[in-house]
Amino acid sequence: MPVVVVESPAKAKTINKYLGDNYTVLASYGHVRDLPPKDGSVDTEHDFDMKWEVASDSKKHVKAIADALKNDNELILATDPDREGEAISWHLQETLTARKSIKKDTPVSRVVFNAITKAAVTEAMKNPRQVDMPLVEAYLARRALDYLVGFNLSPVLWRKLPGAKSAGRVQSVTLRLIVEREMEIEAFRAREYWTVKALLATPRGQEFEARLVTLAGDKLEKFDLSDGTRAEMAVQAITSRDLSVTSVEAKPATRNPSAPFMTSTLQQEASRKFGMGARQTMSTAQRLYEAGHITYMRTDGIDMAPEAVTMARDAIKERFGADYVPGEPRIYKNKAKNAQEAHECIRPTDMTRDAASLKLESDQAKLYDLIWKRTLACQMASARMERTTVEVGSKDSQVGLRATGQVVLFDGFLRVYEEGRDDVVDEDDKRLPQISEGDKMDKRAVTPEQHFTQPPPRYTEATLVKRMEELGIGRPSTYASIVTTIQDREYVRREGQRLIPEDKGRLVTAFLENYFRRYIGYDFTADLEDQLDKVSAADANYKDVLGRFWRDFSAAIAETSELRITEVLEKINEVLEPHLFPPTEDGSDPRLCPHCGAGRLSMRTARSGGAFIGCSNYPECRYTRPFGPPDPEAEASAIPPDGKLLGTDQGEEIRVFKGRFGPYVQRGEVTEENKKPPRQSIPKEWPPEELELERALMLLSLPREIGPHPEDGVMVWSNIGRYGPYLKHAESTSHRGGTNANLENIEEVFTVGMNRAVQLLAEKVASRGGRGQAAKPLRELGEHPEAGGAVNVMKGKYGPYVKWEKINATIPDTIAPEDLTMAQAITLIDERAAKSGKKKPVAKKKPAAKKKAAPKKPAVKKA
């Protein structure tokens, strides 16, 4: 039986169903080898030799494949049909050869299928081939480039820019896109403009809306009505004139369906319609693919297999009728830049099955329904419409208004699917009443409307992937991981659907733009992708590509070795000056410290990795404000990286900080003598920006001693912990034992009295059924006759037992607990002590008369 290897157990399960018992199907669980994260994994001195290492998690999976090959001396590599899949097959073949699991007479073949269906898998098995080495070499080049950039550039960032985490060949370029868009938004200045609309009525009294397009005989441009006064003059010009219809024009129009999905468009549409992130979309699509419901989901191609087109047309005819099937099949050609991974489009494997018939999980059902509808729609007839334009004007031609409307005559593909939009477009698709040329118009209302131009929108994951695709940055297999990585590194945060750069992201981009500008250039990155595509097509040597890149890149790295952090920060200050220190209204120096009036403001980095604006006269002047343009309101409430000063108490500063695990208050400064000054977390119910000195001191006074418990004298405390406010009955709050009870709110921590505390602690003990209390004996047999100490019969989990000191001895079934005598109990205790190596009970000796002490004999240790 040949051994077939795929990436995942889910895929193995589906394939095994089609291949039957004649094959052993195993999973590699993804890549089995990678470059170890240490210096020298890519040896630039020796022709870019790469040192691979089998991951610890992968060793057992490789062993399972090797063990299977001992019995079945044939290997079929059936990993995914893209570059990554080819690389996994190559890694497996190399690893198994090194283990001598693949021998000289072991047949090794590679099969690929675009869909996991019985027909596709069976056909693939009939057409085996060898591993595609040009595709593997494209992978090797890409992996080496990512290693060389990440492993050489990231340390430069760590040394020169405190708080920076990493840089990557494509992630840094993608981050640049987001940062530049944010700077566009900040530099944007809104411009006012007005429009005028009129509600008109036909001679039959039917109303419709028209907008002003001509004023004083000239075409009205967007900013011609720049304020309310001009808009009001335009209103007067309309109301003072009689209006009539000057022309009515109806034109037929058609609307064609969108192309079927490829990776980027699927991610975009899932984001628009369901708010799904790129990673979530791809993991959901992966499960659908592995279950055999859709074709391979990482592709740049939008073409459909002829048999799939036929299947779609048949399904359309059956569901919607022959009118919805166009005369000729629709042929789609790929338009993407660098369509290297141009497999077939993403489509259902069976067009007759909709989401309801498959019984899928919620996310899978939504995504499958989207793919199914888009695929059917792409082979359906065009929608037919009639677009009508009505021109209304005055006799003197001084005023002109226009109304547009649209009527759908035949819905075509719109019956199934309509593509979403990233930004709302105002389109007149309403129906107009019956209007004829020459009709007099009745003016029911004329309304001016104020507008302001809007800044460019922030990227969503969908629009970011679309932009990356347009620029030729990244590939279908990397879009999701790139977008995810810049969020995981905390360079970008997601608010709703929009991506916003963090301070760290801005700083990293500013640094790279100044010292490694070429390597985060859009054209350079796209050109490198082109070169890698040539490698995969066997039109270029991958080591030549690496050599050219490394020659220039290593020189750029060497140039930064002498840079001092102060130089770097000053350069970033200079680059970000228009953003951080915009011109003031009164023309004064925007970098002059407003607190001391002498120091110069500049960007500084905190140890936590954040950035803030501080005064050059520190520590004499402690003025700080948040990173970004001046904002008096934000400055008043914000917490800078070096803390917000609330005041002093007993000569010590009390500050609010934002830490890794949330906001906290601190008494005093961190010094060599006092490395851990008193701190207390701020509860989430208290906004840290609004915290005042009085409350900060209340927090720093915790834990609060309420007093000794009236029953046992042990202290009762109130405090705020990880899970909220609580009481503790123990020797100290750090004591691991004792009893804890929740308090209702934060205020109770500072106000709860002893009576209330005792009640809550008692309720807590009662609620847990006595857990934590000493167990009561079934029988008390009395004092041990020889050694002293109570001997009791206890109830145990596995039956009754006798207890003396730390010895527990099970009572045999032949003796009833109520009949057990002291003599029997002592026998059981002695036997148990002998078994466990504990000391047997020894009779207490009477105190002897005092005499001269004899020399002690050495103690004999018991086994």
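Our subject is the structure listed above.
Residues numbered from 1 in each chain as written. Predicted model: local features only at pLDDT ≥ 70, side-chain atom pairs only at ≥ 80, totals over all residues. Heavy atoms only, no water.

Caption draft 1: Main features of the sheet that holds strand S23 (residues 662–667). Here we have four strands laid out as an open sheet, ordered S21-S22-S23-S24, and antiparallel in their pairing. Single-partner strands in this sheet number two, and they are strand S21 (644–649) and strand S24 (679–681). Between one strand axis and the next, the sheet turns by 25 degrees as a mean value, whatever way the strands run. Sheet strands in contact with helix H19 (residues 693–700) are S21, strand S22 (652–659), S23 and S24, and its direction is about 85 degrees off that of S23. (Pairing = 2+ DSSP bridges. Helix = DSSP H or I, 4+ residues; strand = E, 2+ residues; numbered from the N terminus. Axes fitted to C-alpha atoms, helices over the stretch in contact; angles between N-to-C directions. Contact = heavy atoms within 4.5 Å.)

Caption draft 2: Just the environment of Glu94, in detail. Of note, Glu94 is situated in helix H3 (residues 83–98). Separated by 518 residues in sequence, Glu94 and Phe612 have C-alpha atoms that sit 51 Å apart.

Caption draft 3: The arrangement of the pairing of S21 in detail. Here five bridges tie S21 to S22, and the two strands are oriented antiparallel to one another. Residue pairing in the sheet places Gly647 in a bridge with Ile654 of S22. Hairpin geometry of S21 and S22 is characterised by an intervening segment of two residues between the two adjacent antiparallel strands and by a positive phi of about 55 degrees at Gln650.

Caption draft 4: Structural context of the environment of Ala383. Positionally, Ala383 belongs in strand S13 (residues 383–393). Residues Ala383 and His709, 326 residues apart in the sequence, show an inter-C-alpha distance of 81 Å. In this structure Ala383 touches Ala253, Thr254, Arg255, Phe410, Asp411, Gly412, Phe413 and Leu414, once residues within four positions along its chain are discounted.

Caption draft 5: Fine view of the pairing of S13. Note: strand S12 (residues 243–255) against S13, 11 bridges, orientation antiparallel. Paired with Arg255 across the bridge in S13 is Ala383. Here S13 pairs with strand S14 (residues 399–410) via 10 bridges, running antiparallel. Across the sheet, the residue bridging to Arg384 is Phe410, located in S14.

Caption draft 6: Region of the structure containing the sheet that holds strand S27 (residues 724–729). Pairing is antiparallel in the open sheet, where four strands are placed in the order S25-S26-S27-S28. Because the sheet does not close on itself, it has two edges, and the strands there are strand S25 (704–708) and strand S28 (739–742). Averaged over all neighbouring strand pairs, the angle between strand axes comes to 25 degrees, with direction disregarded. Across four bridges, the pairing between S25 and strand S26 (residues 715–721) is antiparallel. Across the sheet, the residue bridging to Glu705 is Trp717, located in S26.

Caption draft 7: Examining the state of the cysteines more closely. Evaluated as defined, the whole model comprises zero disulfides. There is no disulfide at Cys378, and the cysteine sulfur nearest it, in Cys345, is 6.5 Å away. Assessed through its relative accessible area of 0%, Cys378 is described here as buried. Counting only cysteine sulfurs, Cys615 is the nearest neighbor of Cys593, a cysteine outside any disulfide, at a range of 3.7 Å. (Disulfide = S-S within 2.5 Å. Buried < 20%, exposed > 50% of the residue type's maximum accessible area, 1.4 Å probe, protein only.)

Caption draft 8: Summary view of the side chain of Ser89. Counting through the fold element by element, Ser89 comes out in helix H3. Residues within four places of Ser89 in sequence aside, it is in contact with Leu77, Thr79, Arg110 and Val131.

Caption draft 9: Expanded view of H19. For H19, the full list of buried residues reads Ala696, Leu699 and Leu700. Down the axis of H19, the sector holding all buried residues measures 95 degrees, keeping them to one side. On the buried face of H19, the contacting elements are S21, S22, S23, S24, S26 and helix H20 (746–751). (Arc of directions from axis to C-beta.)

Caption draft 10: Structural context of helix H21 (residues 754–767). Taking 1.5 Å per residue as the helical rise, H21 with its 14 residues ought to reach 20 Å, and the 20 Å between its terminal C-alpha atoms agrees with that figure. All buried positions along H21 are accounted for by Ala757, Val758, Leu760, Leu761 and Val765. Down the axis of H21, the smallest arc covering the buried residues is 165 degrees, so these residues share one side. Within H21, the exposed residues directed more than 90 degrees away from the buried face are Asn755, Ala766 and Ser767. Tucked inside the fold, the buried residues of H21 contact S25, S26, S27 and S28. (Expected span 1.5 Å × (residues − 1).)

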